[in-house]
Amino acid sequence: MSEAKPFCISKWEVWEAYKRVKANHGAAGVDEQTMADFEKNLKGNLYKIWNRMSSGSYFPPPVRTVKIPKANGGERKLGIPTVSDRIAQQVVKSRLEPAVDPLFHPDSYGYRPGKSALDAVGQARQRCWRYDWILDLDIQGFFDNIPQNLLIRAVKKHAKEQWIVLYIERWLQAPVQEEDGQLVAREKGTPQGGVISPLLANLFLHYAFDRWMAKQYRQLPFARFADDAIVHCRTEKEAEEVRAAIAARLKECGLELHPEKTKLVYCKDDDRRRTYPNEKFRFSGVHVSAAEIEKSQGEVLHQFQPGSFRQGGESDPGGDSKLESASAQ
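Residues numbered from 1 in each chain as written. Predicted model: local features only at pLDDT ≥ 70, side-chain atom pairs only at ≥ 80, totals over all residues. Heavy atoms only, no water.

Caption draft 1: How the structure looks around empty space enclosed by the protein. Under the criterion given, the structure shown has two cavities of 30 Å³ or more. Its volume calculated, the largest cavity comes out at about 60 Å³. Lining the largest cavity are Val 63, Gln 89, Trp 171, Leu 172, Ala 174, Thr 190, Pro 191, Gly 194, Ile 196, Ser 197 and Leu 200. For the lining of the largest cavity, the secondary structure elements donating two or more residues are helix H8 (162-173) and helix H9 (197-216). Estimates place the volume of the second largest cavity at around 50 Å³. Taken together, Leu 137, Ile 139, Leu 205, Phe 209, Arg 224, Ala 226, Asp 227, Ala 229 and Leu 250 make up the full set of residues lining the second largest cavity. Across the lining of the second largest cavity, the residue classes break down as seven nonpolar, no polar and two charged. (1 Å grid on protein atoms, 1.4 Å probe; cavity = no way out; pocket = protein on both sides within 12 Å on 5 of 7 lines; lining within 4 Å. Points joined across faces, edges and corners; volume = space filled by probe spheres on them. Helix = DSSP H or I, 4+ residues; strand = E, 2+ residues; numbered from the N terminus. Nonpolar A, V, L, I, M, F, W, Y, C, P; charged D, E, K, R; others polar.)

Following this line, the structure appears as structure tokens:
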């Protein structure tokens, strides 16, 4: 580490970031450089990243767009940074995450140390026994529509070093390169596929949703995995009211609920007998519904059980294939 550099970033941090990125097996970015290519001059390439980041002269290249199919036949756009850029993002993430993660809500599960999608589903399943209704939320185009000014305001609130804010701003402003080679400027959103994107998503929704929910509806538990969230409600009327309030809150934050995919779900079981169009939900890639369980005496009970875990599906915003390790696609 050189005292002449304006930003205090150690070579060890860059080395650790490289090891994390290598473990994720990412694909090449716009420069078509693979990890194997990068490692042909490993020492020189890592030095270049450190030298530019610590001097303030690091500017990210465009992000390569890759389209992956959705379960419904549509497509989802992922942004694939270059190998060098993923390493630089990991350096920033490793500094920022310890400062913000302890502040996050305990029912925020996506891309957090020690938490998983199955933890989120397990908690949701238990709460289905106590609450008759679920508000299943879908934020329309979340990663593409995050207002960058609000996101940077949150970053500035918690970033201890000026260079963290500087580089996050540059990543948010970096253009995307479409599959036909066209460069497109980005004025909002964060690339779904960048190393830093899941942390930024959690930070934004910490203020836009989690803290607001904990204050406005402290009596109603919720669970969130990235931009996939559910709220447990006691009555259908309450669920409708909460839906309207959340829609208004997200609109204040530059986002909106998907009008078709956001829905009310009735937690039907042996004690809840009414019929409702939606009696199961999907959360973090897992279908949850009341399944028949046969007891030893032949008696059949209905309890909420998760189905098979599937990553990468339509309602799964968060298998690692979509975000932190999306560049492996």
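Caption draft 2: Looking closely at the side chain of His 158. Note that His 158 resides in helix H7 (residues 148-158). Judged by its relative accessible area of 14%, His 158 is buried. (Buried < 20%, exposed > 50% of the residue type's maximum accessible area, 1.4 Å probe, protein only.)

Caption draft 3: Inspection of H8 at higher detail. Given a rise of 1.5 Å per residue, twelve residues ought to cover 16 Å, and the 17 Å separating the end C-alpha atoms of H8 matches this to within 8%. Turning to H8, the residues buried within the fold contact helix H3 (42-55), helix H4 (83-100), H7 and H9. (Expected span 1.5 Å × (residues − 1). Contact = heavy atoms within 4.5 Å.)

Caption draft 4: Here's a closer look at helix H5 (residues 117-128). Taking 1.5 Å of rise per residue, twelve residues should cover 16 Å, and H5 covers 17 Å from first to last C-alpha, within 8% of that figure. Buried residues of H5: Ala 117, Ala 120, Val 121, Ala 124, Arg 125, Arg 127 and Cys 128, and no others. Buried residues of H5, seen end-on, are gathered within an arc of 165° and therefore sit on one face of the element. (Arc of directions from axis to C-beta.)

Caption draft 5: Local environment of the confidence of the model for the protein chain. In the predicted model, the protein chain carries a mean pLDDT of 84, and 80% of its residues have values of at least 70. Between residues 290-329, whose pLDDT stays under 50, and residues either more than four places distant or in other chains, the model counts 127 contacts. (pLDDT = per-residue confidence, 0-100.)

Caption draft 6: Expanded view of the pattern of salt bridges. Tallied over the full model, the rule gives eleven salt bridges. Glu 13 is the partner of Arg 95 in a salt bridge, and the nearest nitrogen-oxygen pair spans 2.5 Å. Of the two residues, Arg 95 sits in helix H4 while Glu 13 sits in helix H1 (residues 11-23), which places them 82 residues apart along the sequence. Taking the relative accessible area as the measure of exposure, Arg 95 reaches 24% and is therefore partly exposed. The exposure class of Glu 13 is buried, given its relative accessible area of 16%. Across the pair Glu 161 and Arg 95 runs a salt bridge, and its minimum N-O distance is 2.9 Å. Here Glu 161, found in the loop between H7 and H8, pairs with Arg 95, found in helix H4; they are 66 residues apart in sequence, far enough to count as distant. Put simply, Glu 13, Arg 95 and Glu 161 are held in one network by salt bridges that share partners. (Salt bridge = Lys/Arg side-chain N within 4 Å of Asp/Glu carboxyl O.)

Caption draft 7: Main features of the sheet that holds strand E5 (residues 183-184). Strand order in the open sheet made by the four strands is E2-E1-E4-E5, with mixed pairing throughout. Both edges of this open sheet fall to strand E2 (75-80) and E5, since each of them pairs with a single strand only. Across two bridges, strand E1 (residues 63-69) lies against strand E4 (residues 176-177) in parallel orientation. By the bridge assignment for E4, Arg 64 is matched with Gln 177. (Pairing = 2+ DSSP bridges.)

Caption draft 8: Region of the structure containing unusual backbone geometry. Positive phi, normally seen in glycine, also occurs at His 25, with a value near 55°. On the secondary structure map, His 25 appears in the loop between H1 and helix H2 (35-39). For Tyr 111, which is not glycine, the phi dihedral falls at a positive 55°. Given a relative accessible area of 12%, Tyr 111 falls into the buried group.

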